[in-house]
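What the coordinates show
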Amino acid sequence: MLSRRGRCLWAAIPVFVLTGTRIGHAEPVVVDDFESGVGKWILNDTGKAAGKGRATLCNLVPTFPGCTEGGGKGAALLTYLVAPEGWATASIRIRGQEWQEAGAQGLSFWLKGDGSPNTVQIVLSAFGDDGSEWSFSVTVPLSDATWHRVELPLSQFKGGGYSVLDKLADVRLLQIAKANATTPVFLWIDEIRAETVVK
C-alpha cells in the first residue's frame, strides 16, 4: 500500500484475528456506516502508484440493503481482481487523535465474506510530524459468507516493533488491503467503528 509520499508500505506483521475478546460498544467513534455511499473512500493499487491512471485492481460500490443486524440501510461491496504480483487498497481518512481522546480500544465492523480461503488486511497507517511512517495490520479471513460482527482489539494491530496504541494519535488512514490475489476477492462491509471498551 502507499504511504502519503507514494512509497509502498507492506511490512506490517499479519495477525490472524480471533474474536474471543469481546469489545464493548460504549460511545463508539463511527468511521463509516455507508448510509451516504462510498464517497469518502480512496482506491489505490500497483498501477496507480506507478502513475498509470486510476486504480483498476479494486472497486468499492454501495449496496442495499445493508447488514440487518447492524441497523443501517446501506453497506459496501469491495472487490479485488486477480493480481499475483500486485496490491490494492481501499482507504478512508481517520483522526487517530479523536480515537485516542475517546479512549478507543478496538475496531469493529460487520462483514460478509465470499466463502473462500481468501483474506484481507485491515491496516491502520500512522504518519509522524517528522516524516516517519508506520503501518499496523491484522489479517481477516473471508471464509464466513454470512453477515457477522468482527471485533479487533487495537492491541492486535502490530508493525515495525510497535503496537498501534503506541502511535494512535498519529493514525491518519484505515485501509482494507489485498496483495498477490490469485483469485477474485469479494467482501461486504458495514458499520465500521472505533470502540471504546474491551471486555
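Residues numbered from 1 in each chain as written. Predicted model: local features only at pLDDT ≥ 70, side-chain atom pairs only at ≥ 80, totals over all residues. Heavy atoms only, no water.

**A short note on the nonpolar core**
- Judged by nonpolar contacts, the single largest core of 45 residues is most densely connected at Trp 41, Trp 99, Phe 109, Phe 157, Leu 174 and Ile 176.
- In terms of residue count, strand E13 (residues 185–195) provides more of this core than any other element does, five residues in total. (Core = buried A, V, L, I, M, F, W, Y, C linked by side-chain atoms within 4.5 Å. Buried < 20%, exposed > 50% of the residue type's maximum accessible area, 1.4 Å probe, protein only. Helix = DSSP H or I, 4+ residues; strand = E, 2+ residues; numbered from the N terminus.)

**With respect to unusual backbone geometry**
- With an omega of 0°, the peptide bond running from Phe 64 to Pro 65 counts as cis.
- Inspection of the secondary structure assignment puts Pro 65 in the loop between strand E3 (58–63) and strand E4 (75–80).
- The backbone of Phe 34 shows a phi angle near 60°, a positive value even though the residue is not glycine.
- Within the fold, Phe 34 resides in the loop between strand E1 (29–32) and strand E2 (41–45).
- By relative accessible area, which is 0% here, Phe 34 ends up buried.
- In this structure, Glu 191 takes a positive phi of about 50° despite not being glycine.
- Tracing the sequence through the fold places Glu 191 in strand E13.
- By relative accessible area, which is 7% here, Glu 191 ends up buried.

**A short note on the packing of aromatic side chains**
- Scanning the entire structure with this criterion turns up two aromatic pairs.
- On the basis of an interplanar angle of 75° and a centroid distance of 6.3 Å, the ring pair of Trp 134 and Tyr 162 is categorised as edge-to-face. Of this pair, Trp 134 sits in strand E8 (residues 133–141) while Tyr 162 sits in strand E11 (residues 162–163), and the two are 28 residues apart along the sequence.
- For Trp 134, a relative accessible area of 16% gives the class buried.
- Relative accessible area serves as the criterion here: at 34%, Tyr 162 is assigned to the partly exposed category.
- Over the ring of Trp 188 we find Lys 112; its NZ or CZ atom is 4.9 Å from the centre of that ring.
- One Lys or Arg, Lys 167, reaches over the ring of Tyr 162 and ends 4.5 Å from the middle of that ring. (Phe/Tyr/Trp six-rings, centres within 6.5 Å; stacked < 30°, edge-to-face > 60°. Lys NZ or Arg CZ within 6 Å of the ring centre and 35° of its normal.)

**Some remarks on the pairing of strand E5 (residues 83–93)**
- By the criterion of burial, E5 is predominantly enclosed, with eight of the eleven residues buried.
- Sheet analysis places E2 next to E5, joined by five bridges and oriented antiparallel. Residue Trp 41 lies in a different strand from E5, and its bridge partner there is Ile 92.
- Where E5 lies against strand E12 (residues 171–181), eight bridges are found, and the strand directions are antiparallel. Bridging from a neighbouring strand, Thr 89 pairs with Ala 177 of E12. (Pairing = 2+ DSSP bridges.)

**Quick notes on the pattern of salt bridges**
- If you walk through the whole model with that rule in mind, you get four salt bridges.
- For the salt bridge of Arg 95 with Glu 98, the shortest nitrogen-to-oxygen distance reads 3.6 Å.
- Under the relative-accessibility criterion, Glu 98 is labelled partly exposed at 34%.
- Across the pair Arg 149 and Glu 151 runs a salt bridge whose closest N-O atoms are separated by 3.4 Å.
- By relative accessible area, Glu 151 is classed as buried at 3%. (Salt bridge = Lys/Arg side-chain N within 4 Å of Asp/Glu carboxyl O.)

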